[in-house]
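# Per-entry structural report
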Amino acid sequence: MPPEEAVASFDSASAFFMALARAIESRDFPYLGQSRWKALPVRASALLPRPLRCRAYAVASGREGVAVDRLGDIDLDEVASWVARTYPDRRYPAVLIGSSNGALTHLAAACGVPWLPQTLLVPVRRRGADPADMPAALDFGARHGPSLLAHNPRVALHQMQDANQDALSGSQMAYFRVKWTSLPPAYQRFLDERLEPGAPVVVVRDTSSWPVTRVDDRHVFQVGAQGGMSSEEYLGAPGVPTPDETAAEAEWGFADPLLDGLREAAHRTGHPVVEVRYGHPQDPAAAVADVLRSWTRRRGGAAQRLLVSSFVVHDPWRTIATGSVPFWTFFPVRSAARDLSDYLASTTYDDVDVLLFSHGVESRGLADARTWQRIAELARRRGRLLGVDPRAFPADFAVFARYTSALRSLPDAGLPWSPLAVADALAGLRGAEQLSVVGG
């Protein structure tokens, strides 16, 4: 199976590394990496009544799913090769490896360095499923997970089922998230051949964890995910299997077994290892915003626009080109809104532009469009939702096409391109609240 067909394009990891690869080449990230022809029906979805919009979104999500009889054809080592070769073929002053994080993707773009994800999503076709039926989801994984794992000994399967936030997609597909527990050959070659002498290997280590049910030696089942509900709230629902251990959170958490092999490979090639540790995907956002605001000012920019990205609705290069300061929110939930509000209470911007990811349901913990608008209005001059139809949110799927033209309409800052030094980036993160930078 071609590697780009084995993993989801709408997932955080895929969207982040593809956007970053384009930013390194000074290119924007239109339509979440899809062609403009595919964006046309997405934009046209705004004309449909909400029930039809949601149905179309669910079906479109399910079409990305891999048929169960093709799981044995997936070679995740080849997927790792595809990830590595997506980046321009040159030597880099550093590489990030590990957890997905949108804020650190913006930081990597400013430094002009790649990120290699530990976790990717293999979407598995499961049409007509009840996303709230956890025993059925667990049984589905137990039956079909072995086909994927048998041919991929370097990964563990973190199957995730979230009936709160993924109710639409979860009716058409199963979420098989895979984490490398030993370094794939393509990543080893990247360390050997694509780094400058002495360049640091920066391990992005999100320590998020979640209660899970053990299915097999390399397979766990996770009910719920980071977002608007706690793990305790998910586990209180009827029919949820009793967890028997705690593991790295499926989408964001770093699985520690990778660390030893990563350190060995880095030291063997003379590259120091630096760990950036934090406990929740939202944690790096404020520190990265401060670092990149200072960098933008050193390049001669005013740095007075805060551009708030939302999950995969982001564009690192357009953020840089417009002289904007990025503040990434991991999902449009109340906890992320509070973090943004707290950040704006401690610093001021003339303009605050807010992008919003739509997942189609009024999930528990979601912050509505009015909440985000009120926070944007903390700007001194203008605060607004950018490319968002607040009446349609959170079923505003046209935003996946509309955000591109909205970002392209922002004026180019015309700043000279001068990459942020990796040492300066790490120094800016050291001492930040909720972050720990170790090594180097």
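So, here is what we can say about the structure in this document. Since the model is a prediction, treat every value here as computed from it, not as a measurement. (Residues numbered from 1 in each chain as written. Predicted model: local features only at pLDDT ≥ 70, side-chain atom pairs only at ≥ 80, totals over all residues. Heavy atoms only, no water.)

## Some words on the overall build of the protein chain
Which entries qualify depends on this criterion: For the purposes of this entry, the term helix denotes a DSSP run of H or I that reaches at least four residues, the term strand denotes a run of E that reaches at least two, and both are numbered from the N terminus. In this setup the radius of gyration rests on C-alpha atoms only. A globule is expected at 2.2 Å times the number of residues raised to 0.38. For the exposure calls, accessible area comes from a 1.4 Å probe over protein chains only, and a residue counts as buried if that area is under 20% of its type's maximum, exposed if over 50%, partly exposed in between. When checking whether two residues touch, look at their non-hydrogen atoms; a contact exists if any pair is within 4.5 Å. Note on areas: these come from Shrake-Rupley sampling with a 1.4 Å probe, and a residue is covered only by the protein chains present in the view. Under this rule, positive means Lys or Arg and negative means Asp or Glu; His and the chain ends count for nothing. A charge is said to be at NZ when it belongs to Lys, at CZ for Arg, at CG for Asp and at CD for Glu.
For the protein chain, the count of helices and strands is 16 helices and 15 strands. Rg of the C-alpha trace for the protein chain: 21 Å, near the compact-globule value of 22 Å for 440 residues, within the 12% margin. If you line up the protein chain on its principal axes, its C-alpha atoms span 60 × 55 × 40 Å. For the protein chain, buried positions account for 61% of its 440 residues. Once local pairs closer than 6 in sequence are excluded, the contacts in the protein chain between residues at least 24 apart make up 81%. Roughly 16,400 Å² of accessible area belongs to the protein chain as shown, and the carbon and sulfur atoms make up 50% of that amount. Distance between charge centres in the protein chain, computed from 47 positive and 49 negative side chains, equals 7 Å.

## Some thoughts on the layout of surface pockets
Threshold: Residues are said to line a cavity or pocket when one of their atoms sits within 4 Å of a point; the points come from a 1 Å grid over protein atoms alone, cavities being sets where a 1.4 Å probe fits but cannot get out and pockets being open sets with protein on both sides within 12 Å along at least five of seven lines. Grid points are joined across faces, edges and corners, and a volume is the space filled by probe spheres set on the points. Ten residue types, Ala, Val, Leu, Ile, Met, Phe, Trp, Tyr, Cys and Pro, are classed as nonpolar, four, Asp, Glu, Lys and Arg, as charged, and the remainder, Gly among them, as polar.
One number sums up the size of the largest pocket: a volume of about 1,100 Å³. Forming the walls of the largest pocket are 43 residues, and the residues nearest its centre are Phe10, Tyr57, Ala60, Ser61 and Phe400. Of all elements in the fold, only helix 2 (12-24), helix 3 (36-44), helix 4 (50-63), strand 5 (173-180) and helix 15 (399-408) reach the threshold of two or more residues within the lining of the largest pocket. At 7 residues, helix 4 tops the list of elements feeding residues into the lining of the largest pocket. For the lining of the largest pocket, the class distribution of residues is 23 nonpolar, 11 polar and 9 charged. Taken as a whole, the second largest pocket encloses approximately 310 Å³ of empty space. Along the walls of the second largest pocket sit 13 residues, with Asp283, Ala286, Ala287, Glu433 and Gln434 positioned nearest its centre. Where the lining of the second largest pocket is concerned, the elements lending two or more residues are helix 11 (285-298) and helix 13 (334-346).

## Comments concerning the sheet that holds strand 11 (residues 305-310)
Under the convention used in this document: Strand pairing is defined by DSSP finding a minimum of two bridges between the two strands. Convention adopted: a line fitted to C-alpha atoms gives each axis, helices being fitted over their contacting stretch, and angles between N-to-C directions are expressed from 0 to 180 degrees.
Across the sheet, which stays open at both edges, the 4 strands sit in the order 12-11-13-14 with parallel pairing between neighbours. Each end of this open sheet is capped by a strand with a single partner; those strands are strand 12 (325-329) and strand 14 (382-385). When the angles between neighbouring strand axes are averaged without regard to direction, this sheet yields 15 degrees. Where strand 13 (residues 351-354) lies against strand 14, 4 bridges are found, and the strand directions are parallel. Bridging across to strand 14, Val354 finds its partner in Leu385. Sheet contacts for helix 14 (residues 369-376): strand 12, strand 13 and strand 14; angle to strand 14, the most-contacted strand, approximately 160 degrees.

## Quick notes on the side chain of Thr347
Here is the rule we go by: The term polar contact refers here to a pair of N or O atoms within 3.5 Å; inside protein, the definition further demands a hydrogen-donor-capable atom paired with an acceptor-capable atom, and it admits residues adjacent in sequence only when both atoms are side-chain atoms.
Locating Thr347 in the fold gives a position in the loop between helix 13 and strand 13. Its relative accessible area of 18% is what places Thr347 among the buried residues. In terms of polar contacts, Thr347 uses its side chain to reach the side chain of Arg293, at 2.9 Å.

## With respect to empty space enclosed by the protein
Taken as a whole and assessed by the stated rule, the structure comprises 3 cavities of 30 Å³ or more. For the largest cavity, the calculated volume is near 110 Å³. Lining the largest cavity we find 14 residues, and of these Leu96, Leu107, Val202, Ala425 and Leu426 sit closest to its centre. Where the lining of the largest cavity is concerned, the elements lending two or more residues are helix 6 (102-111), strand 6 (201-206) and helix 16 (422-429). The residue inventory of the lining of the largest cavity, partitioned by class, reads 14 nonpolar, no polar and no charged.

## Here we look at the packing of helix 6 against helix 11
For the record, the criterion: Should an angle lie under 35 degrees it is considered roughly parallel, over 145 roughly antiparallel, and from 65 to 115 roughly perpendicular; all remaining angles are considered oblique. Whether a crossing is left-handed or right-handed is set by the direction in which the near helix is turned from the far one by less than a right angle, anticlockwise for left-handed and clockwise for right-handed.
One way to put it is that helix 6 packs onto helix 11 with a least axis distance of 9 Å and a crossing angle of 25 degrees. By the angle between their axes, helix 6 is roughly parallel relative to helix 11. Regarding helix 6 and helix 11, the two cross each other, and that crossing is left-handed. Along its contact with helix 6, which presents Ala103, Leu104, His106, Leu107 and Ala110, the element helix 11 presents Ala285, Val288, Val291, Leu292 and Trp295.

## Overview of the packing of aromatic side chains
Our working rule: For Phe, Tyr and Trp, where Trp contributes only its six-membered ring, two rings pair if their centres lie within 6.5 Å, and the inter-plane angle classes them as stacked under 30 degrees, edge-to-face over 60, or tilted in between. The rule for a charge over a ring is simple: NZ of Lys or CZ of Arg within 6 Å of the ring centre, and within 35 degrees of the ring normal.
Counted according to the given criterion, the structure contains 19 aromatic pairs. Judged by centre distance (5.4 Å) and plane angle (50 degrees), the rings of Trp180 and Tyr187 are tilted. Both residues of the pair, Trp180 and Tyr187, count as buried. Ring centres of Trp252 and Trp328 lie 5.7 Å apart, and the angle between their planes is 65 degrees; on these two criteria the pair is classed as edge-to-face. Of this pair, Trp252 sits in the loop between strand 9 (245-248) and helix 10 (257-268) while Trp328 sits in strand 12, and the two are 76 residues apart along the sequence. Across the pair, Trp328 and Trp252 agree in class, each one buried. One cation-aromatic arrangement involves Arg293 over Tyr349; the distance from NZ or CZ to the ring centre is 3.7 Å. Above the plane of the ring of Trp295 lies Arg299, whose end atom (NZ or CZ) is 4.3 Å from the centre.

## Side note on the side chain of Ser12
For Ser12, the location among the structural elements is in helix 2. When its relative accessible area of 1% is taken as the criterion, Ser12 is described as buried. With residues up to four places along the chain from it excluded, the contact list for Ser12 reads Ser100, Glu251, Trp252, Phe311 and Val312.

## Observations concerning the sheet that holds strand 10 (residues 273-278)
Strands sit in the order 2-1-6-10-15 across an open sheet of 5 strands; the sheet is mixed. Because the sheet does not close on itself, it has two edges, and the strands there are strand 2 (115-117) and strand 15 (436-439). Averaged over all pairs of adjacent strands, the angle between their axes in this sheet comes to 20 degrees, without regard to strand direction. In this structure, strand 10 lies alongside strand 15, joined through 4 bridges in antiparallel fashion. Each bridged residue has a counterpart across the sheet, and for Val274 the counterpart in strand 15 is Gly439.

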